[in-house]
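Listed here are the chains, written in short residue letters.
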Amino acid sequence: MKIDNLAVQVVGDPTGRQVLENISFEISSGETLCVVGESGSGKSVTSLAIMGLLPAGSLKPSRGRILVDGEDILAASPARLRELRATRMAMIFQEPMTALNPVETVGEQIDEVLRIHSKLSKTARRQKVLAMLESVHMPDVERIYNSYPHQLSGGQRQRVVISIALILEPRILIADEPTTALDVTTQKQILLLIRELQKKHNTAVLFITHDFGVVAEIADRIVVMNRGHLVEVGTREDILARPREAYTRMLVSSVPSLIPQKREAPVTDIVLEVQSLSKNYSRKRLFGSGGSVAAAQNVNLTLRKGEIVGIVGESGSGKSTVARCIVRLQDPTSGAVLVKGEDIARVSGPQLRPKRQRVQIVFQDPYRSLNPRMRVGDSIIEGLVNFGTKREAALKKARELLGLVGLSDDSMQRYPHQFSGGQRQRICIARALALDPDILVADEAVSALDVSVQAQVLKLLGEIRDRTGIAVLFITHDLRVAAQICDTILVMQHGSIVEAGPAAEVLTSPRREYTRTLIDAAPGRGWDFQNFGPLISGAA
Amino acid sequence: MLAYITRRLLATIPVMAMVAVVVFAILRLTPGDPAAIIAGDDATTEQLEKIRQTMGLDKPIPLQLVQWVYQLLQGDLGVSLLSGAPVLGMIADRMGPSLALAFGTIVVTVSVAIPLGIVAAWKQGRMLDRAVMTFSVLGFSVPTFVVAYLLIYYLSIKMGWFPVQGYKPLSDGFWPFAQRLVLPVLALSGVYVALIARITRSSIIEVMGEDFIRTARAKGATERVVLMRHALRNAAVPILTIIGIGIASLISGVVVTESVFNLPGLGRLVVEAVLARDYPVIQGLILLFSFFYIFINLVVDVLYPIFDPRIRY
């Protein structure tokens, strides 16, 4: 496939604003080409253009050609395009949770591809679908065939999406962030699966991602994009080790390293002590109870002044439950949460309110955690005013805090939608700091951010810790991020802590099998991004 | 599935019991002596006493309730104060026209509104969509009786296609029966067609923005398949909810429509009973309508999982 000077513009925009400009690259059979770039770089628009799936009425290609086996996609009729989809080029999407029709069985959904593009009989189609499900290593394919998407795990759904894409052995597979929503261990399996099927059918894979770990793992060649422009194309070694452009260099060096920095363990006062915390969710039914699920079991941890403790684990490991119990957004079932020696696990109502000052939280999604109808200044001072500070004094403090997180004074009067994701997360941090808490809980606080922004926010958190001596409980699924910022790391699995220790120790010489699995699954672990070279073994 | 329906049926028992108690209380809570209200202004003491005795009003209220519920469970809704006829029989006599009107309205509404909504969603923002939406605003805003009189004026009086009013039961032959129902059904359907077409359109448009629609297009599916197979079924739950609410609220529409077209149905019976303060009949009708409402809700709840497997029994 070859993309030649492609440009895409916004429909009906008199200024002729281009979303994509001068995009040209090629990809050949059996090759994996990674397209990397931050949000808004145009990588997804490129992939949709290849499928002919640009949202009609808002985006349209204005120039260039997209040649698949010599045939120009942009010149093809709608009927011809439909014929080509799934047979010549196919696509897998980012969110396996929403990419499948929730009201049809997965078997029917895979079968639909065959119904559209082939004249096979019903039984022949069924055989083919079952064979496909087997080739993506699904257990018990007969049962899976008749399952609905909500009955499958994220990894299984992504396997179904892959089955839909590959059942007709297309020449090109476009994978748009196919593993971003998955846990590392699942991600690893899916990457291996794509590679296996690619080898088998000699498919060209166009892999879109923002994750350089994945890129280092799978790419033959790399395309770097930024704001609708193509920055650089080259082999994996070219881009990762010898980037020519400053933007590429910045991007690659922003990727956090898996090797933790050696830090002195702080020997300061304990500000938070969690003792055998458990949280059970009980399933309620009309008649009788349906038993209960333990989201967190017997969790113990201590947090000292100025310390950053990371809790890492896959989805469903209970790390967010622990965070929410500590902040008392949820009520622990048993155990104690001692903040400076005072147990807040049992207090409620008016007794709890003053305690809330001591522990503040920053959430994952900065787009949804600020009230869109409140000015930023008002959002920041809300807590202060609630606890009796005069408005004037609170506003003064809010301005100082904005300075601390690197935003200007005039931000006070603006609304959240006027800020980028990274800026919003800074605002959320300022809001959390407004009450001078002893403890800041950051629940996946950088997971929704682009790498370059992520690096900035991590740096900011480190600086704030140094300046104010605040203790931070840092919840993340990303071992790189944890390695970068945490002094101590706790690894959680199935609601329990399976390993705890200084970050350097846990990440370089893990004692538990599960921790080792997690580290091994982290993509691109053999590459040292900051130093633009492969990791020297032995340093790890 | 069966367990789910049983559970749901059991859950309706307390609701029905509450309805029964409220209906019972209506007569007793009316200001003044119910017997005096029933007997009228110039009744003698003996007459009042007689009415109290026949209605059981001289006994203590809890006992009255027990007696009432006991009768109710045997299907005895009491007798009309006006005619002395059993209430149950009166309701049964009037059931035919109302059921025919309601059923016709539901069929017309669903078979017109859903295709209209689909077409509007498909041609979103174009002429056809605007036309459907304009019609929909009209359907909302023009009251049923206005539509009814307009239909009578043009289609009956001017064109002479349909009788102006009246009702013939099905036993008199299908054509006379249907001919007299066309206009009432059209008049009553207007507002529901408008409502359900709108909801269908907006639900489909919402679903069309989902990721799995993109997946379907990436498979090479035609727009027709995308719309009918993937979007419509996913949009079914909100549409079903509104149809359920619409059917339940048909009751008030039936009252107006039956009055305009002079159909001898339950709606007219309501009006007659209220004007004559025929309390046992009013009680019976309220009970009936409440049960109808609960039943529709039950049907909708049972249908949900058929359209959306994520909703569990």
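Keep in mind that this is a model prediction, so the values were computed, not measured.

**A closer look at the overall build of chain B**
A count of helical and extended segments in chain B gives 13 helices and zero strands. Listing the helices and strands of chain B from first to last along the sequence gives α-α-α-α-α-α-α-α-α-α-α-α-α. In terms of principal-axis extent, the alpha carbons of chain B reach across some 85 × 55 × 35 Å. Counting over 313 residues, chain B shows a buried share of 43%.

**Side note on the interface of chain B and chain A**
Counting residues at the interface gives 20 residues for chain B, matched by 27 residues for chain A. For the pair chain B and chain A, the summed buried area comes to about 2300 Å², and 59% of that belongs to carbon and sulfur atoms. The largest per-residue losses of area from chain B upon contact with chain A belong to B:Arg214, B:Lys219 and B:Arg229, which jointly make up 29% of the total buried on that side. Across the chain B-chain A interface, the total number found is three salt bridges.

**Brief notes about the UniProt feature "domain: ABC transmembrane type-1" (unreviewed entry) in chain B**
Under the feature "domain: ABC transmembrane type-1" (unreviewed entry), the UniProt entry names residues 95-304 of chain B. Across residues 95-304 of chain B, helical content stands at 84% and strand content at 0%; the span's end C-alpha atoms are separated by 29 Å.

**What to know about the sheet that holds strand β2 (residues 18-26) of chain A**
Residues and elements named next belong to chain A. With antiparallel pairing, four strands are arranged side by side in an open sheet as β2-β1-β4-β5. Both outer strands of the open sheet, β2 and β5 (71-72), are each paired with one neighbouring strand and no more. Direction of pairing for strand β4 (residues 59-68) relative to β5: antiparallel, over a ladder of two bridges. By the bridge assignment for β5, Val68 is matched with Glu71.

**Re the pairing of strand β3 (residues 32-36) of chain A**
Within a regular beta strand, the side chains point alternately toward one face of the sheet and then the other, so they alternate between its two faces. Residue and element names in this part refer to chain A. Burial analysis of β3 places five of its five residues in the buried class, which makes it a mostly covered element. Along β3, one buried face is formed by Thr32, Cys34 and Val36 and the opposite face, lined by Leu33 and Val35, is buried too. Bridge count between β3 and strand β9 (residues 221-226): four bridges; the pairing is parallel. Opposite Leu33, over in β9, you have Arg221 as the bridge partner.

**Digging into the UniProt feature "transmembrane region" (unreviewed entry) in chain B**
Per the UniProt record, the feature "transmembrane region" (unreviewed entry) sits at residues 9-27, 99-122, 134-157, 177-197, 237-261 and 281-307 of chain B. The span residues 281-307 of chain B carries 100% helix and 0% strand; its end-to-end C-alpha distance comes to 39 Å.

**Observations regarding the layout of surface pockets**
When its volume is computed, the second largest pocket comes out at roughly 1100 Å³. If you trace the second largest pocket, you find 35 residues lining it, with A:Leu54, A:Pro55, A:Ala56, B:Arg217 and B:Glu223 closest to the centre. Mapped onto the lining of the second largest pocket, the elements with two or more residues apiece are α1 (43-51), β4 and α2 (78-84) of chain A together with α5 (87-122), α8 (174-208), α9 (211-218) and α10 (223-248) of chain B. Here the residues of the lining of the second largest pocket are counted per class, giving 21 nonpolar, five polar and nine charged.

**So, empty space enclosed by the protein**
Residues and elements named next belong to chain B. If you walk through the whole model with that rule in mind, you get eight cavities of 30 Å³ or more. Lining the largest cavity we find Thr105, Ile106, Thr109, Val110, Tyr192, Ile196, Ile243, Gly246, Ile247 and Leu250. Elements with a minimum of two residues in the lining of the largest cavity: α5, α8 and α10. With four residues, the top contributor of residues to the lining of the largest cavity is α5. When its residues are assigned to classes, the lining of the largest cavity shows seven nonpolar, three polar and no charged.

**Some details on unusual backbone geometry**
Residue and element names in this part refer to chain A. At Asn22, a position not held by glycine, the phi torsion is positive, near 50°. By the element assignment, Asn22 lies in strand β2. Owing to a relative accessible area of 44%, Asn22 belongs among the partly exposed residues under this scheme. Of note in this structure, Glu444 is not a glycine but carries a positive phi near 50°. With respect to the element layout, Glu444 can be found in the loop between β17 (439-443) and α16 (451-468). Accessibility expressed as a relative area gives 8% for Glu444, which makes it buried.

Rules and cut-offs
- Residues numbered from 1 in each chain as written.
- Chains lettered and ligands numbered in written order.
- Predicted model: local features only at pLDDT ≥ 70, side-chain atom pairs only at ≥ 80, totals over all residues.
- Heavy atoms only, no water.
- Helix = DSSP H or I, 4+ residues; strand = E, 2+ residues; numbered from the N terminus.
- Buried < 20%, exposed > 50% of the residue type's maximum accessible area, 1.4 Å probe, protein only.
- Contact = heavy atoms within 4.5 Å.
- Buried area = accessible area lost by both parts, 1.4 Å probe.
- Salt bridge = Lys/Arg side-chain N within 4 Å of Asp/Glu carboxyl O.
- UniProt positions renumbered as here; feature names shortened; annotations may be inferred.
- Pairing = 2+ DSSP bridges.
- 1 Å grid on protein atoms, 1.4 Å probe; cavity = no way out; pocket = protein on both sides within 12 Å on 5 of 7 lines; lining within 4 Å.
- Points joined across faces, edges and corners; volume = space filled by probe spheres on them.
- Nonpolar A, V, L, I, M, F, W, Y, C, P; charged D, E, K, R; others polar.

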